[in-house]
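Chain residues, written in single-letter form:
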Amino acid sequence: SWVEIAMLDPWGCTWRLPALLSPPDAEKTRGYWNKGARRRLELALALQPEAQRAKNIILFMGDGMGLSTMSAARIYKGQLAGGSGEESVLAMETFPHMALAKVSGAVLGGTLLLALLETPLHRSCFQTYTIDRQVPDSAGTGTAYLCGVKANAKTLGLSGAAVYGKCRTTFGNEVDSVLHRARLAGKSVGIVTTTRVQHASPGAAYAHSASRGWYADANMPKEALRDGCKDIAYQLVHNTDINVILGGGRMYMTPRQTPDPEYPEDPDQNGTRRDGRDLIAEWLSAKQGARYVWDKKGLDAVEDDSVSHLMGLFEPKDMRYELNRNTSTDPSIVEMTEKAVRILRRNPNGFFLFVEDDHVPCAGGRIDHGHHSGRAKQALMEAVMLDRAVARAGELTSPTDTLTVVTADHSHVFTFGGSTPRGNSIFGLAPKKAKDKRAYTSILYGNGPGYSIRDGARPAASLPAAEDKDYRQQAAVPLETETHSGEDVVVLAQGPMAHLFHGVQEQHYIAHAMAYAACLEPYATEPGCRAARRASRGTQCSPQPLLTLLALCMAALIVRA
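From a predicted model like this one, the values you see are computed outputs, not experimental measurements. Per-chain numbering applies: the sequence of each chain, read as written, is numbered from 1 onward. Residue-level local features of this predicted model are given only where pLDDT is at least 70; pairs of side-chain atoms are given and counted only at 80 or more, and the full residue set underlies all totals for whole chains, interfaces and linings. Remark: hydrogens and water are excluded; side-chain values derive from all non-hydrogen atoms of the structure.

**Q** It is not clear to me how the packing of helix 2 (residues 67–80) against helix 13 (residues 376–396) should be interpreted in this structure. Could you clarify?
**A** Angular values range over 0 to 180 degrees, each being the angle between N-to-C directions of two axes fitted as lines to C-alpha atoms, with helices fitted over their stretch in contact. Strands here mean DSSP runs of E at least two residues long; helices mean DSSP runs of H or I at least four residues long; both are numbered from the N terminus. Put simply, helix 2 and helix 13 touch, their axes get as near as 9 Å, and they point 80° apart. In terms of orientation, helix 2 and helix 13 fall into the roughly perpendicular class. Seen from helix 2, the contacting residues are Thr69, Ala72, Ala73, Tyr76, Lys77 and Leu80; seen from helix 13, they are Lys377, Leu380, Met381, Ala383, Val384, Asp387 and Arg388. Classification used: nonpolar for Ala, Val, Leu, Ile, Met, Phe, Trp, Tyr, Cys and Pro, charged for Asp, Glu, Lys and Arg, polar for all others including Gly. In terms of residue class, the contact of helix 2 with helix 13 is made up of 8 nonpolar, 1 polar and 4 charged. Throughout, the term roughly parallel applies to angles under 35 degrees, roughly antiparallel to angles over 145, roughly perpendicular to angles from 65 to 115, and oblique to all others. By the convention used here, residues are in contact when the closest approach between their heavy atoms is within 4.5 Å.

Here it is in structure tokens:
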């Protein structure tokens, strides 16, 4: 009997795809593979571009979630479910359209961009380099995929004319994000992240800063303050009217020595602001129907239809890794995503939601953080959780009016190999020893804190130590933190205009494709946008209106006969 996975096509139809066949010996038959390929071929033949405009957009960004991380997370997901893992399928992998984002290459001009928007191809690759770096950081990439322009590393929401750390180069070089443009167009907007909400990736959605590290005024040099630049936390509250803000970062919002509500006895968690401003109180006073919460209990108590604005800050800095999370006090990325969607979807004009999970501790989301620290299990669990959030969002929305995009800002020097057998634990050992006669794990890093020499040799990897959530996989080059890598990253898309994600593209194309799909500036007057605005103001229709109309016509003909 087939074990199947459900996949939604752009029309909301469910297809059943074979993911596994029992008994295992069935894989040895040609029929197993032929039948599975035929089912997939039927789906591919039925796939057509969905040319209507998107009412809603959800952008999921796995910080540091390169292709090797996705592949390893797929196996880990299957092994968590009790399978061998290789045959598992991530929810994001069921999306019918795919592209790759380049980390290096030439910049596209506007004319070529419009031509690409009209080209009905279905595979893309996106390049993630920044103007000044071959291998990017999360600030420069965030500015690209959210604001639509390539920028310099470590700068947020600014064009390439701005110089890192130079406040005065901010003014006149600001660029607006798709989130900001969506709010100006009357849509509700939200941010969900497992990092601090002032971090580089979510910060690019609302801030204009010559330094990604200017979280609060206490983190800024006196010269920048004197020249009139504002910290990122201040801009979070004052730049864009964001309806839902969920993540970490409490300490940057309150005055110095303000006790943290969760850790009141720990002075290291106190507020850090030197200007004496309570930005949470300012935000609440400026919004009607606004709520602020700081733990899971408070989040669960929020009625979806009772608030227009919700801010939830669940840690002083970044939120905890999923494997370290206190499930009674801290919400998961899945729970935060669900709460955000339920609130935002009440707007008849639609919504834009940015969801980030970082996989490493000093750079971005918790995927990014896990990799930077050389702890692969932490990173892969975060990737699995992001995928669960993708699946939950899909259950709460419809591909007929919601464009869902999943991508990464960059990759990592993370890999797995070693000729491991089918079903080998993704965190397990390679079957043969290395030339030094010592065991090694399948997962390895090109550089990072996992480098170790003891008594003149590499220590042998062993079980069960390698399966521990805090185990650091070995690295070839000693560094305090593991680095990003420069290869292209994948973009997966489902819903209206998802076919725009195709080929090998520059990373800033993502913002333009999303803006075009939702009739946001600078594409608000493109063909089809006026009709899309009328439809969003009208009553919601059946996901299959043509079929309904056809049925009525057939019924009329039968009556006449």
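**Q** I tried to follow the state of the cysteines on my own but got confused; where do I start?
**A** What is meant by a disulfide is a covalent connection between two cysteines, made through their sulfur atoms. The definition used for a disulfide is geometric: two cysteine sulfur atoms within 2.5 Å. Enumeration over the complete set of coordinates arrives at 2 disulfides. One disulfide in the model links Cys167 with Cys229; its S-S distance is 2.0 Å. One disulfide, between Cys167 and Cys229, carries an S-S torsion of 105° and so falls in the right-handed class. Within this pair, whereas Cys167 is found in the loop between helix 4 (138–147) and helix 5 (178–184), its partner Cys229 is found in the loop between helix 7 (222–226) and helix 8 (232–238), the two being separated by 62 residues in sequence. Cys229 shares its class with Cys167; the two are buried. Cys519 shares a disulfide with Cys529; S-S distance 2.2 Å. Looking down the S-S bond of the Cys519 and Cys529 bridge, the torsion is -90°, so its handedness is left-handed. A simple rule labels every residue: compare its accessible area, found with a 1.4 Å probe on the protein chains alone, to the largest value its type can have, and call it buried under 20%, exposed over 50%, or partly exposed in between.

**Q** When you look at the UniProt feature "binding site: Mg(2+)" (unreviewed entry) in the protein in this model, what are you seeing that I'm missing?
**A** UniProt positions are given in the numbering used here, feature names are shortened, and annotations may be inferred rather than shown by experiment. Sequence positions flagged by UniProt for "binding site: Mg(2+)" (unreviewed entry) are, in local numbering, Asp63, His199, Ser201 and Glu356. A stretch of 294 residues holds the annotated residues, and the largest C-alpha distance among them is 11.3 Å, short enough that they meet in one place. Within the fold, Asp63 resides in strand 3 (residues 56–63). On the basis of relative accessible area, Asp63 is assigned to the buried category, the value being 0%. With residues up to four places along the chain from it excluded, the contact list for Ser201 reads Met61, Asp63, Ser138, Tyr145, Leu146, Phe354, Glu356 and Asp409.

**Q** Is there a simple way to think about the packing of helix 4 against helix 14 (residues 509–517) in this case?
**A** Running from N to C, helix 4 and helix 14 point in directions that differ by 25°, and their axes come no closer than 5 Å. Of the possible angle classes, the one that applies to helix 4 and helix 14 is roughly parallel. Listed contacts from helix 14 to Ala144, Tyr145, Leu146 and Cys147 of helix 4 are Ile510, Ala511 and Met514.

**Q** It is not clear to me how the pattern of salt bridges should be interpreted in this structure. Could you clarify?
**A** Oppositely charged side chains can form a pair if their charged atoms are brought close together. A carboxyl oxygen of Asp or Glu within 4 Å of a side-chain nitrogen of Lys or Arg is what we treat as a salt bridge. For the structure shown, the criterion picks out 29 salt bridges. Residue Asp318 pairs with Arg196 through a salt bridge whose shortest N-O separation is 3.0 Å. Highlighted residues: Asp318 in the loop between strand 9 (309–313) and helix 11 (333–344) and Arg196 in strand 6 (residues 188–196), separated in sequence by 122 residues. Pair check on accessibility: Asp318 and Arg196 agree, each one buried. Glu338 is the partner of Arg342 in a salt bridge, and the nearest nitrogen-oxygen pair spans 3.0 Å. Here Arg342 pairs with Glu338, and both are found in helix 11, just 4 residues apart, close to one helical turn. Look at Glu338 and you get partly exposed, because its relative accessible area is 21%. Counted as one network, the salt bridges with shared partners bring together Lys296, Asp300, Glu322, Arg325 and Glu335.

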